[in-house]
Amino acid sequence: MSRPSIDQRFWRLDKPECEDDYSNVFINGLAEYTYGIPGIDCPRCGPWGGLRTLPVECPAKFRTDRRLANRWPLPVEEHARLCSELETALREETADLVLEPGDSFQPLVFDIPCKPTLDFYWCRFFEPVVARRVRDLFVKHSVTGISFHEVRLRRAGTLPAKSDPPIAETGEPEDIFDAIAIEPHPEKLGPFFETLVDGPLVDADRASLPTCEICGLEKHPEYEGEEWLIKMDEDRPNVMSLSAVRSTDVFRARSVGLVISERVHELVTANSLTNCLLTELELVP
Ligand SMILES: [Zn+2]
């Protein structure tokens, strides 16, 4: 691996500005998972869960375990016991993984209120759902650092994404499906893919953060628990330190978001991929 240089160029790949919550849900859809690791209730940090998706399905024998469906935060010891049992089951079935509070299992259940003809759908924090066109393009060009997992398209609307979003009677964006016509055969529209970035979340402005010795939560000097986990969606800086640069084409940097290399930037622009916003990042020593 060559050393990162200040002459390299990187962009944030992000969601375009939306007028309001309704437009956001109408265009980008809603993501849901059936099973996942419960949150952890740490005596020092309080209850919290991360936002990671795992590349594997829930082990068969745990699908009747209520704790994986309701995901209510568990005390530290019970959490550790459950994770250890799950890790053993996963090792026997598919993968060697270290589980974290809040992890979700495949597949992502995708509901999209507009007619899904766009390329990117920003229904999760960092990693978008994409159309087959994007998956095929990235695979063809051997883009590194990202993998694709087919989602279960549950509901899709029939109105073009550029229409005004219909308003549900309750006034809640989550109820938008009560106000729209639904495609009777959503299976004809896919496939769509959840993207997962392989590497860990890196910090845009420092090498690493101290972690809680009880629950493993990273401690930011200015933010506590959940506040820190959701900070990534606010006031995103356009500056990234050279030490945060990874050798893959795609990686995630905390508070910046999804970062792509110049090569991927070219693929996105040359193919006019839709529903994405590119912002060049300033690289600093
Ligand atoms: Zn803790």
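Residues numbered from 1 in each chain as written. Predicted model: local features only at pLDDT ≥ 70, side-chain atom pairs only at ≥ 80, totals over all residues.

### Side note on the domain arrangement of the protein chain
In many reports, interface size means the accessible area that the parts give up when they come together. As assigned here, the protein chain comprises domain 1 (19–28 + 113–197), domain 2 (40–104) and domain 3 (199–284). The interface is formed by 10 residues belonging to domain 2 together with seven residues belonging to domain 3. Within the residue set of the side of domain 2 that touches domain 3, elements represented by two or more residues are strand 3 (40–42) and strand 4 (46–48). Partitioning the side of domain 2 that touches domain 3 into residue classes produces seven nonpolar, two polar and one charged. (Domains from an automatic or database assignment. Contact = placed C-beta atoms within 7 Å. Helix = DSSP H or I, 4+ residues; strand = E, 2+ residues; numbered from the N terminus. Nonpolar A, V, L, I, M, F, W, Y, C, P; charged D, E, K, R; others polar.)

### Details of the nonpolar core
Formed by 49 residues in total, the largest nonpolar core has its most connected members in F110, V129, F192, M240, A253, V259 and I260. Two domains each donate at least three residues to this core, and these are domain 1 (19–28 + 113–197) and domain 3 (199–284). If sequence neighbours within four positions are ignored, V259 has contacts with F10, R12, M240, F251, R252, A253 and L281. Within the second largest apolar cluster, six residues are counted, among which are C42, W48, C215 and L217. (Core = buried A, V, L, I, M, F, W, Y, C linked by C-beta atoms within 7 Å. Buried ≥ 20, exposed ≤ 12 C-beta atoms within 10 Å, placed from the backbone.)

### Some words on helix 3 (residues 76–93)
Taking 1.5 Å of rise per residue, the 18 residues of helix 3 would be expected to cover 26 Å, and the 26 Å separating its terminal C-alpha atoms lies within 8% of that figure. Among all positions of helix 3, only H79, C83, L86 and L90 are buried. Down the axis, helix 3 shows its buried residues gathered within 70° of arc, on one side only. For helix 3, the exposed residues lying more than 90 degrees away from the buried face are E77, R81, S84, T88, R91 and E92. (Expected span 1.5 Å × (residues − 1). Arc of directions from axis to C-beta.)

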